[in-house]
Amino acid sequence: MAVPKRRMSRSNTRSRRAQWKAAAPTLAACSNRACRAPKPPHVACPTCGTYDGRQVVRPA
Ligand SMILES: [Zn+2]
């Protein structure tokens, strides 16, 4: 396994960590015509409980 030859400076470490930002989650509109709520893609809708036009879970 590759191992760093020299210790990284505190400044370099902090500069790298400063680039770590939270990204906004991707949201797609629910394909259920009656719902249209924003939801993560490839996930059953938490509002109406449908996926691919089928009722798969009970809505919350
Ligand atoms: Zn929905």
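Use the structure listed above.
Cut-off values and rules
Residues numbered from 1 in each chain as written. Predicted model: local features only at pLDDT ≥ 70, side-chain atom pairs only at ≥ 80, totals over all residues. Heavy atoms only, no water. Helix = DSSP H or I, 4+ residues; strand = E, 2+ residues; numbered from the N terminus. Rg over C-alpha atoms; globule rule 2.2 N^0.38 Å. Buried < 20%, exposed > 50% of the residue type's maximum accessible area, 1.4 Å probe, protein only. Donors = N, O, S within 2.8 Å, 3.2 Å for Na, K, Ca; no water.

Here's the deal with the overall build of the protein chain
Broken down by element type, the protein chain carries one helix and four strands. Taken from the N to the C terminus, the helices and strands of the protein chain come in the order α-β-β-β-β. In terms of C-alpha radius of gyration, the protein chain reaches 21 Å, well past the compact-globule figure of 10 Å for 60 residues. Along the three orthogonal principal directions, the C-alpha set of the protein chain runs to about 60 × 25 × 15 Å. In the protein chain, buried positions account for 13% of the 60 residues.

Some remarks on the coordination of the zinc ion
Taken together, the protein ligands of the zinc ion are Cys30 (SG), Cys35 (SG), Cys45 (SG) and Cys48 (SG), with distances of 2.3 Å. For the zinc ion, the donor residues sit on a single chain with the sequence spacing C-x4-C-x9-C-x2-C.

Observations regarding the environment of Val43
The residue Val43 is located in the loop between strand E2 (38-39) and strand E3 (50-51) in this model. A C-alpha to C-alpha distance of 12 Å links Val43 and Gly53, two positions 10 residues apart in sequence.

Concerning unusual backbone geometry
If you check the backbone angles, His42 has positive phi at about 65 degrees while not being a glycine. Counting through the fold element by element, His42 comes out in the loop between E2 and E3. For His42, a relative accessible area of 70% corresponds to the exposed category. The backbone phi angle of Asp52 is positive, close to 55 degrees, even though this residue is not glycine. Mapped onto the fold, Asp52 is located in the loop between E3 and strand E4 (54-55). For Asp52, a relative accessible area of 64% corresponds to the exposed category.

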